[in-house]
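Coordinates in review
Each chain is listed here by its residues.
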Amino acid sequence: FNTGTVTTTADPKAMGSSGIACDKMQKPKNVHGNAEFIVKLQPPVQGCGPWMCYDKQRSFTAQIPPETAGLPAARRLLEKDGIRLPFPMNPSLYGFKGYCYAAFEGSRVRVFVDKLAPQQQW
């Protein structure tokens with residue numbers, strides 16, 4: 001089912017600031033076909049840098065660039081309704097994470113950030 005129109009897109013081939021693509025590592029697998037699934041979405045603790053995104057099976061792990069459209073809406077959603085966690089190295093800092101519905105669109109993953117999926121135990 002489609003959870004709404006506010007979305008952001010993750011490229012599973014983007015493996016973070018190192019620039020290493022999955023072509024040199026294990027290629028991401030679309031184990032979900034056309035079905036929607038749940039991903040964990042986690043912004044960087046101090047607010048700048050790529051966001052982490054992956055599914056339960058870790059069939060892909062994506063680093064979403066901070067300039068990606070839709071991330072401001074995602075941050076507001078996580079700060080309002082997401083899971084708030086103290087940063088272990090500095091308890092005065094908090095990080096956020098949440099679980100969102102997503103779907104593959106070709107080689108990209110579209111993450112629906114209009115509402116959170118139920119909290120997961122993974």
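Along each chain, the written sequence defines residue order, and numbers are assigned to residues from 1. Since the coordinates come from a predicted model, pLDDT governs what is reported: local features require at least 70, and pairs of side-chain atoms require 80 or more to be given and counted, while whole-chain, interface and lining totals use all residues. In computing side-chain properties, one takes all heavy atoms of the structure into account and sets aside hydrogens as well as water.

In this section: the confidence of the model for the chain. On average, residues of the chain score 80 in pLDDT, and 77% of them are at 70 or above. Predictor confidence is given residue by residue as pLDDT, running from a minimum of 0 to a maximum of 100. Where helices and strands are cited, they refer to DSSP runs of H or I of at least four residues and of E of at least two residues respectively, numbered from the N terminus. When the elements of the chain are averaged for pLDDT, strand β1 (residues 7-10) gives the smallest value, 58, and strand β2 (residues 37-42) the largest, 96. Only heavy atoms enter the contact rule, under which two residues are in contact if any of them lie within 4.5 Å. Low confidence marks residues 1-6, where pLDDT is under 50. Its contacts with residues over four positions away, or in another chain, come to 16 contacts. Throughout residues 15-26 the model reports pLDDT below 50, and contacts reaching past four residues in sequence, or to other chains, amount to 14 contacts.

Note that soluble globular proteins tend to have their nonpolar side chains buried in a common cluster. Ranked by size, the top nonpolar core spans 18 residues in total, and within it Val-39, Leu-41, Cys-53, Phe-60 and Val-111 carry the most contacts. At the level of secondary structure, the elements contributing two or more residues to this core comprise β2, β3 (51-55), β4 (61-64), α1 (71-81), β6 (90-105) and β7 (108-112). With four residues, β6 is the largest single contributor of residues to this core. Ile-83, Tyr-101, Ala-103 and Phe-112 belong to the second-largest nonpolar core, a separate cluster that totals six residues. Each nonpolar core is a collection of buried residues, namely Ala, Val, Leu, Ile, Met, Phe, Trp, Tyr and Cys, held together in the definition by side-chain atoms within 4.5 Å. Throughout this description, buried means an accessible area under 20% of the type-specific maximum (1.4 Å probe, protein chains only), exposed means over 50%, and partly exposed covers the range between.

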